[in-house]
Structure formats: structure tokens, C-alpha cells
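The primary structure of each chain is shown beneath.
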Amino acid sequence: MQGVLDGVGMLTPETFLWMFVGVAICQVVVIIPGLSAHLLLALMLPFLYTMEPASAIGLLVGAAATSGTGNTITAVLFAVPGSPAGIATLFDGHPMARRGEAGRAILAGLLSSAAGGIIGAIVLVLFLPLAYPLVTMIGPPELFVLALLALTFLAFIGDGSIIKGLVAGGLGLLLAFVGQESSSGALRYTFGQLSLWDGLSIAAVAIGIFGVAEMLELITRGGAIASDDKAEYRPYPVRSSVRDLTSHWRTVLQSSVLGSLIGLLPGIGGASSQFVAYGAAKKSSKHSEEFGTGRIEGVIAADASVNATDSASLAPSLGLGIPGSPVTALVLAGVVIVGVRPGPDLLTDNVGFLWLTIFILVLANLVGVALCIMAIRPLARLTFVPAVYLVPPILAFALFGVIEADGTLASVPVVLGLGVLGYLMKKHGYSRATLIIGFVLAEMLERNLLLSLSIHGPDFVLRSTPALVITVIAALLLAMVGVRKHRKREDNDVTNTR
């Protein structure tokens with residue numbers, strides 16, 4: 001109780017002001033496609049040396065806690081995710097915008113982000129004492145089979161052809177293998193281009209496959225993003241959006257808990273957890289066939305999981321000093337700058353700081369949502385602007401973001417080429433979501449497979465009980481997918497014969 005009181009005492013008006021500044025700046029940055037929160041946090045670090053510890057933590061944690069909030073806006077409106085953590089949101093958010101329901105999709109995403117962030121903060125409180133045994137139990141074999149388990153959710157993303165799904169997922173893996181192999185330094189698929197040695201960035205792939213592809217489709221189709229003939233701008237009340245969340249409270253809770261549990265594991269992050277939560281929501285929904293066509297549950301699941309992951313990922317960072325993502329690594333650096341030592345001693349020697357961090361996590365999520373809600377109405381109207389006026393500035397912002405993220409103009413033709421690929425995939429019924437999931441998980445799969453083989457040998461799965469359990473679960477899920485697909489094909493055959 002004394003630690004809670006100490007944390008409340010450190011939450012001064014000055015701390016709150018700096019938290020507000022961090023949240024506001026972060027929302028502006030993450031809305032710009034290609035720019036990410038870790039770029040902003042890196043720029044913030046030098047300023048922390050001259051700030052009071054509580055104010056510095058307010059600025060840093062405020063920005064980090066809401067790094068996944070503003071993604072919803074551009075993902076829904078333009079199918080251009082502000083960062084990799086906003087990719088799954090556009091699967092259902094952008095189709096809703098095309099029906100004139102951009103306001104509803106954005107509000108649902110923002111409120112579920114806040115709910116996920118708060119649930120993630122609660123999980124952080126509950127699991128921080130357990131961080132050490134949990135993290136020490138998870139090694140390369142477990143992380144490999146976890147990534148393999150996440151890949152099984154590829155089957156839940158689309159109900160189309162299994163062959164097309166496998167082709168799209170394999171293409172995502174191939175794109176991830178471009179560049180220098182980490183263990184041997186061998187060059188793969190670089191074609192003599194120095195700019196490809198570092199591989200393709202997730203910013204370039206996501207913006208090309210989704211953002212540029214959608215702009216190409218908009219140009220060829222003409223009109224506006226809201227293409228439905230009956231679509232019109234309808235302001236969506238916050239009260240109605242709250243009802244959306246309460247009517248799908250199971251999806252909010254399930255996605256937030258999944259995101260939080262994934263956040264406790266170093267090295268996975270929101271870019272992966274969003275797909276796991278989206279796949280789980282689709283599997284448990286009574287309207288799974290509507291996912292990908294503008295289902296509000298898809299938006300809620302994706303956004304709730306991302307902020308929950310961001311909040312819960314501070315547990316291994318603060319409790320063990322082991323960052324699980326670039327954002328938490330920079331938060332950890334900031335914590336050290338202000339004179340706080342992360343690790344098990346934090347639970348006994350600096351409990352007040354810990355509770356201050358938790359309070360800021362909760363408040364920052366609420367403030368971030370409030371700021372974004374203020375911008376919904378003018379931004380949602382952009383979905384009714386004709387393509388001839390809208391496409392050029394969106395493409396300019398997208399390409400600027402990729403150049404800033406990758407640091408080279410050589411990314412421009414790559415993004416444009418991927419845009420053409422994404423357009424053709426959409427036109428011919430190949431899942432772009434499957435491609436992105438394969439791309440995101442490929443590096444994690446390869447790295448932990450190589451480590452597991454070098455440490456434990458070819459039978460590494462059999463030597464680890466957690467890895468073996470997760471492998472069995474993955475096998476069962478694959479069997480369930482096969483049965484479900486087979487039954488659906490039989491039902492379709494019976495229907496066609498009639």
C-alpha cells in the first residue's frame with residue numbers, strides 16, 4: 001500500500017503535463033505511415049538527462065504506452081498502417097470505411113485500444129513478480145514453436161483456396177529471406193544490390209502491399225474511398241461505440257489477455273500478437289465468414305491486442321532488464337538514464353516508481369484515445385474526397401515515411417513494386433494478410449530454429465516440455481483447420497448438387 005501511495009505522490013501536475021506531451025507527439029508521429037514510436041523515443045532520450053525523474057518517466061512511458069493507438073486512423077481511412085502494429089486493423093477497418101462507416105471503425109478501434117492498454121497494465125501488475133520464472137522457462141525452442149503456432153492461424157484469416165493461402169504465406173516468407181543471413185552472413189536474393197543487404201523492412205512491405213495497392217485500386221476504380229453507392233458521412237456517437245465494445249466484450253477480453261500474455265514473452269511484440277488475436281476472434285465468432293469484409297469484431301480484436309502487448313511487455317523489461325521490442329528497449333534505456341535500476345530489486349527498493357509507471361500506462365491510454373477522437377470527424381470526411389485529390393498526398397506521405405524509416409531512396413521502387421504485387425493479389429483472390437503474417441514471423445522462426453538446432457540439436461522439441469506441449473497444440477489446431485475446410489467443401493458440394 002505504501003508503494004501505491006508513493007506512486008500517487010509522484011503523479012504531480014508537471015508529470016501529467018509531460019505525459020500529455022509524450023502522448024500528443026506520439027500520435028502525430030505514428031499517424032504518418034512508416035514512422036514508428038521507437039524513432040520518437042530515440043529522439044527523446046537526450047532530453048531525459050535534464051528532467052526530473054518523474055517527469056521523464058511521464059514523457060517516455062506516455063509515448064510508449066500509446067504507440068499503437070494512432071495507427072487505427074490511417075489504417076481504417078486509407079489502408080496505410082502507420083506502423084506494423086496497425087496492419088490487422090485494416091483487414092476489416094478499411095472495408096468499413098468504404099461503406100461510409102469510418103467513424104464507427106475508428107472509434108471502436110480507439111476504445112478497444114484503451115481497454116487493451118488498461119488490461120495490459122493490470123496483467124503487468126499481476127505477472128511482474130512471476131516475470132523471472134516465466135522468462136527463464138522460455139528459450140529458443142519455445143519461441144520457435146510459438147511462432148509456428150501463430151502461423152497456424154493463417155488458416156483462420158481467410159476462407160478461400162488453401163493453395164492460394166499457402167502461396168501467399170510462402171511469398172511472405174520468401175520476402176523476409178531477402179538480405180544477409182544472420183548466422184553465416186550469406187547473401188540471399190539481393191541480386192547484386194547493396195540496398196537489399198539489410199533486407200526488406202516491414203514498413204516498406206506493409207505500405208506497399210496494402211497502402212500503395214489500395215491507392216492503385218482507387219485510381220483504377222475512380223470515385224472516393226467510400227465507394228458504396230449508399231455511403232454517406234455519418235458522425236458516430238461515442239455512446240454507440242461503447243455499445244459496440246460492450247456487445248463484443250468477450251472479444252475485447254480475449255484479445256487483450258492474448259496480447260498481454262504475448263507481451264510477457266520477449267521478442268514477439270504487437271506486430272505478431274495482432275494476428276494471433278485476430279485469428280482467435282475469427283475462430284470464436286459466430287460470423288467468422290464476415291471477417292475481412294468489414295466486421296467490427298476484427299477491428300476490436302486487432303487494436304485491443306496491440307496496446308495490451310505494449311503495456312504487458314514492460315514486465316520483462318522492468319522486472320528482469322530484458323527488453324522484448326525496440327520500444328521497450330528504449331524505455332529501458334530511459335529508465336536507466338533517470339537513475340532507476342531495472343530488475344528484481346525494483347519490486348522491493350523502488351515500488352513507488354513501479355506504481356507511477358502503471359498509473360501513467362492507464363492515464364496515457366485514456367488521453368491518447370481522447371486526442372484521437374477529436375480528430376475523427378475531419379479525417380473521416382476524407383473518405384468522401386475524390387481519388388484525384390486524395391491519392392497524390394497519401395502516396396507522398398507513404399513514400400516519405402518509408403524513406404525516413406529505411407534511410408534510403410532505394411526503398412521507393414521496392415514499395416511501388418510491392419504495391420503492384422498487392423494490387424494483383426487482391427484482384428486474383430490471394431490473401432495479403434497471409435503474406436504479411438508470414439513476413440512478420442519469418443525472422444523469429446528462422447532465428448530461433450537456428451539457435452535451437454545449435455544448442456539442443458535436431459530433437460530440440462522433444463527436450464523441452466513447454467515446446468512439446470505447444471507443438472501438440474499447433475498440430476491439433478492444424479487438424480481442426482483441415483476438418484473444418486473439408487466439411488465446408490462437402491457442404492458446398494451438396495449445395496451445388498441441389
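Description of the structure in this document. (Residues numbered from 1 in each chain as written. Predicted model: local features only at pLDDT ≥ 70, side-chain atom pairs only at ≥ 80, totals over all residues. Heavy atoms only, no water.)

Taken together, the side chains of W249, L253, V257 and L261 present a nonpolar region at the surface, about 350 Å² in accessible area. Within the fold, W249 resides in helix α14 (residues 249-263). (Patch = residues over 30% accessible without salt bridge, like charges linked within 9 Å, V, L, I, M, F, W, Y side chains within 5 Å. Areas by Shrake-Rupley, 256 points an atom, 1.4 Å probe, with all protein chains shown as cover. Salt bridge = Lys/Arg side-chain N within 4 Å of Asp/Glu carboxyl O. Helix = DSSP H or I, 4+ residues; strand = E, 2+ residues; numbered from the N terminus.)

With that out of the way, let us pick up helix α22 (residues 411-427). Under the 1.5 Å per step criterion, the end-to-end length of α22 is 24 Å for 17 residues, consistent within 8% with the ideal 24 Å. Buried residues of α22: S411, V415, L418, G419, G422 and M425, and no others. An end-on view of α22 places all buried positions within 130 degrees of arc, on one side of the element. Within α22, the exposed residues directed more than 90 degrees away from the buried face are P413 and K427. (Expected span 1.5 Å × (residues − 1). Buried < 20%, exposed > 50% of the residue type's maximum accessible area, 1.4 Å probe, protein only. Arc of directions from axis to C-beta.)

Right, let's talk about the nonpolar core for a bit. If you look at the biggest cluster of nonpolar residues, it comprises 44 residues, and the most contacted ones within it are L41, L48, I57, V331, V335 and L361. Elements represented by at least two residues in this core include exactly α2 (13-31), α3 (37-44), α4 (53-65), α7 (102-127), α17 (314-320), α18 (326-337) and α20 (351-380). By size, the runner-up hydrophobic cluster in this structure holds 36 residues, among which are I106, I296, I300 and L390. (Core = buried A, V, L, I, M, F, W, Y, C linked by side-chain atoms within 4.5 Å.)

Between helix α21 (residues 387-406) and α22, the shortest axis-to-axis distance is 9 Å and the interhelical angle comes to 130 degrees. Of the possible angle classes, the one that applies to α21 and α22 is oblique. The handedness of the crossing between α21 and α22 comes out as right-handed. Along its contact with α21, which presents L399, V402, I403 and D406, the element α22 presents S411, V412, V415 and L416. Its residues assigned to classes, the contact of α21 with α22 comprises six nonpolar, one polar and one charged. (Axes fitted to C-alpha atoms, helices over the stretch in contact; angles between N-to-C directions. Parallel < 35°, antiparallel > 145°, perpendicular 65-115°, else oblique. Left-handed = near helix turned anticlockwise from the far one by under 90°. Contact = heavy atoms within 4.5 Å. Nonpolar A, V, L, I, M, F, W, Y, C, P; charged D, E, K, R; others polar.)

This model, assessed by the stated rule, comprises zero disulfides. With no disulfide of its own, C26 lies 9.3 Å from the sulfur of C372, the closest cysteine sulfur. (Disulfide = S-S within 2.5 Å.)

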